[in-house]
Amino acid sequence: GGARAVLISSDGKIHELDEGLERRVIEVEKGVMVKDGGGKIVYDSLAGLDREVTLAMNTLKIPRGGEFKLTLADGTNVYLNSASELKYPVRFGGKERRVNLSGEAYFEVAKDAAHPFVVEVCDSKIQVLGTGFNVRSYSEERQIVTTLVEGTVCFESIEDRVILKPGEQSILDKEGQLQKRAVEVYPFVAWKEGRFIFRKQRLEDIMIMVSRWYNVEVYFEDDESKEITFSGGMMRYEGFEALMKMIETVGSINCTIKDNTVFIAKRK
């Protein structure tokens, strides 16, 4: 994986973003400049001062095998993980600062008590004033997981709502059931620091995360190997083969890599 993304402005123009590109300034709307370079884009903070303007929307798409950092016009930092998409205004107006997320992102929200920050996720929303939290909402996982690092957030589904404090996590499952629990926060946010951290996780769940980052397909040749659990960690920027070798050794499984597909089977 690496830092890459696609920026789509409100007029449909597409800008390919890559860590290797030279630093540049992109005009996405009249008078709104975006600074691109070093695996991140930054919206001109002056664009956030006029709250009476029409809110032109931009979209930042992160492919499989990618990640990117975005600084919104209000100063909020957003770290986007692989296979994710964020829709947001080039400047904020009205009573709320509202964005829409699919996939996974970590938010460091700029404090503004008069204008709450709202993240829309499917049919749910997360409301904050200023805080740090992680949201994971991939369609194939069929659940929304919100993990709070600092501050306070309110997660609200169609039928229920919970208030989270630091060290707590909410889970909205596919049946619409909303739960809250205390967790060790770091494994859920370590990805933005370039790490995989596993805590007694099923191999099938691990490989879903791994496949997004390394952009590979995974095929289990038996159900037993899916249920093997792992604890440990490694750097995301280490080679894929190194990760699979570690899993083979610890899990007593055989991994065969053919082209872009990994075949996993319990060792006999």
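In the block above lies the structure referred to throughout.
From a predicted model like this one, the values you see are computed outputs, not experimental measurements.

Draft legend 1. Structural view of the layout of surface pockets. Approximately 700 Å³ is the volume found for the largest pocket. Together, 30 residues line the largest pocket, and Arg136, Phe188, Gln201, Asp205 and Met209 are the ones closest to its centre. Put simply, the parts of the chain that give the lining of the largest pocket at least two residues each are β17 (168-172), α1 (186-189), β19 (195-202) and α2 (203-214). Sorting elements by how many residues they give to the lining of the largest pocket places β19 first, with 8 residues. For the lining of the largest pocket, the residue count by class is 13 nonpolar, 5 polar and 12 charged. Roughly 300 Å³ of internal volume is contained in the second largest pocket. What lines the second largest pocket is a set of 17 residues, among which Cys122, Ser124, Ile144, Leu172 and Asp173 lie closest to the centre. The residue makeup of the lining of the second largest pocket, split by class, is 5 nonpolar, 7 polar and 5 charged.

Draft legend 2. Quick look at the pattern of salt bridges. Tallying each qualifying case throughout the model produces 17 salt bridges. The salt bridge involving Lys87 is made with Glu85; its shortest N-O contact spans 3.9 Å. On the basis of relative accessibility, which here comes to 37%, the residue Lys87 falls in the partly exposed class. Look at the salt bridges and you will find they share partners, linking Arg202, Glu204, Asp205, Asp223, Lys226 and Glu227 into a network.

Draft legend 3. Local environment of the side chain of Thr147. Tracing the backbone through its elements, the reader meets Thr147 in strand β14 (residues 144-150). Leaving out residues up to four positions away in the same chain, Thr147 has contacts with Phe133, Asn134, Glu168, Gln169, Val183, Val185 and Phe188.

The rules behind each value
Here the residue index of a chain counts from 1 through its sequence in written order. Totals for whole chains, interfaces and linings use all residues, but because this is a predicted model, local features are given only for residues with pLDDT of at least 70 and pairs of side-chain atoms are given and counted only at 80 or more. The side-chain numbers reported here are obtained from all heavy atoms of the structure, hydrogens and water having been left aside. Put plainly, a pocket is an open set of points on a 1 Å grid over the protein atoms alone with protein on both sides within 12 Å along at least five of seven lines, a cavity is a set where a 1.4 Å probe fits but cannot get out, and a lining residue has an atom within 4 Å of a point. Grid points are joined across faces, edges and corners, and a volume is the space filled by probe spheres set on the points. A helix here means a DSSP run of H or I that spans at least four residues, while a strand means a run of E at least two residues long, and both kinds are numbered starting from the N terminus. Under the scheme applied, nonpolar residues are Ala, Val, Leu, Ile, Met, Phe, Trp, Tyr, Cys and Pro; charged residues are Asp, Glu, Lys and Arg; polar residues are all the others, including Gly. For this analysis, a salt bridge means a side-chain nitrogen from Lys or Arg found within 4 Å of a carboxyl oxygen belonging to Asp or Glu. With a 1.4 Å probe rolled over the protein chains alone, any residue whose accessible area is under 20% of its type maximum counts as buried; one over 50% counts as exposed, and the rest are partly exposed. Two residues qualify as a contact provided that any one of their heavy atoms is within 4.5 Å of a heavy atom in the partner residue.

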